[in-house]
Amino acid sequence: MIIGLAACECIIYDAHSLKEKRAVLLRILTRLKQKFNISASEVDFQDVWQRTKIAIVAVSSSKVTTEHELQNALAFIDSFPEIERTITDIEWL
């Protein structure tokens, strides 16, 4: 069993309040969970308007499958024009 964790810091340039930021995050996190076999959540910068850190976790029987799922999820985040992924760390457990 392989557990992969991708933690990515992101900037939401058009968010001018926590309410706007949470609306963007909710849409992205909901779609991530629907589309991929992962778990995702905001794990840092909850009280900052334009910054966030999202953790994505995938579990499978092989590292290749887990890495593929994480990379697809990260590419999906990149497809949203309202959010920019800056720093991404991937860990294997």
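In what follows, the structure referred to is the one given above.
Draft legend 1. A look at the pairing of strand β1 (residues 2-11). Of the pairings in the sheet, the one linking β1 to strand β3 (residues 51-60) comprises ten bridges and is antiparallel in character. For C8, the partnering residue across the bridge sits in β3 and is I54. Relative to strand β4 (residues 84-92), β1 runs antiparallel, the two sharing seven bridges. Its bridge partner lying in β4, C8 is registered against T88.

Draft legend 2. Quick peek at the pattern of salt bridges. Under the defined criterion, the tally for this structure stands at four salt bridges. Notably, a salt bridge pairs R27 with E82, separated by 2.3 Å at the nearest N-O pair. Of this pair, R27 sits in helix α1 (residues 18-35) while E82 sits in the loop between α2 (63-78) and β4, and the two are 55 residues apart along the sequence. With a relative accessible area of 31%, R27 lands in the partly exposed category. The shortest N-O distance in the salt bridge between D78 and R85 comes to 2.6 Å.

Draft legend 3. Expanded view of the packing of aromatic side chains. Summed over the entire model, instances satisfying the criterion amount to two aromatic pairs. Ring geometry for F36 and F76: centres 5.6 Å apart, planes at 70°, overall edge-to-face. Pair noted here: F36 is in the loop between α1 and β2 (39-44) and F76 is in helix α2, with a separation of 40 residues, a long-range link. The buried category is assigned to F76, whose relative accessible area is 16%.

Draft legend 4. Spotlight on the side chain of E42. Residue position: E42 is located in strand β2. Classification of E42 by relative accessible area gives buried; the value is 17%. A distance of 2.9 Å separates polar atoms of two side chains, one belonging to E42 and the other to K21. Side chain to side chain, E42 and T52 meet in a polar contact 2.9 Å long. Residue contacts for E42: discarding those within four places in its chain leaves K21, L25, L29, R51, T52, K53 and I54.

Draft legend 5. Focus on the nonpolar core. Grouped together as the largest cluster of nonpolar side chains are 23 residues, with contacts concentrated most on I28, L32, I38, I54, I56, I77 and I83. The set of elements that each furnish at least two residues to this core consists of β1, α1, β3 and α2. When near neighbours in sequence (up to four residues on either side) are disregarded, I56 contacts G4, L5, A6, L32, I38, S39, A40, L70, A73, L74 and I77.

Draft legend 6. Looking closely at the packing of α1 against α2. The interhelical angle for the contact between α1 and α2, taken along N-to-C directions, is 145°, at an axis separation of 11 Å. As for how α1 packs across α2, the hand of that crossing is right-handed. Residues I28, R31, L32 and K35 of α1 pack against A73, F76 and I77 of α2. Residue composition of the contact of α1 with α2, by class: five nonpolar, no polar and two charged.

Cut-off values and rules
Residues numbered from 1 in each chain as written. Predicted model: local features only at pLDDT ≥ 70, side-chain atom pairs only at ≥ 80, totals over all residues. Heavy atoms only, no water. Pairing = 2+ DSSP bridges. Helix = DSSP H or I, 4+ residues; strand = E, 2+ residues; numbered from the N terminus. Salt bridge = Lys/Arg side-chain N within 4 Å of Asp/Glu carboxyl O. Buried < 20%, exposed > 50% of the residue type's maximum accessible area, 1.4 Å probe, protein only. Phe/Tyr/Trp six-rings, centres within 6.5 Å; stacked < 30°, edge-to-face > 60°. Polar contact = N/O pair within 3.5 Å; in protein donor to acceptor, adjacent residues only side chain to side chain. Contact = heavy atoms within 4.5 Å. Core = buried A, V, L, I, M, F, W, Y, C linked by side-chain atoms within 4.5 Å. Axes fitted to C-alpha atoms, helices over the stretch in contact; angles between N-to-C directions. Left-handed = near helix turned anticlockwise from the far one by under 90°. Nonpolar A, V, L, I, M, F, W, Y, C, P; charged D, E, K, R; others polar.

Purely spatial values, then, with no claim about function.
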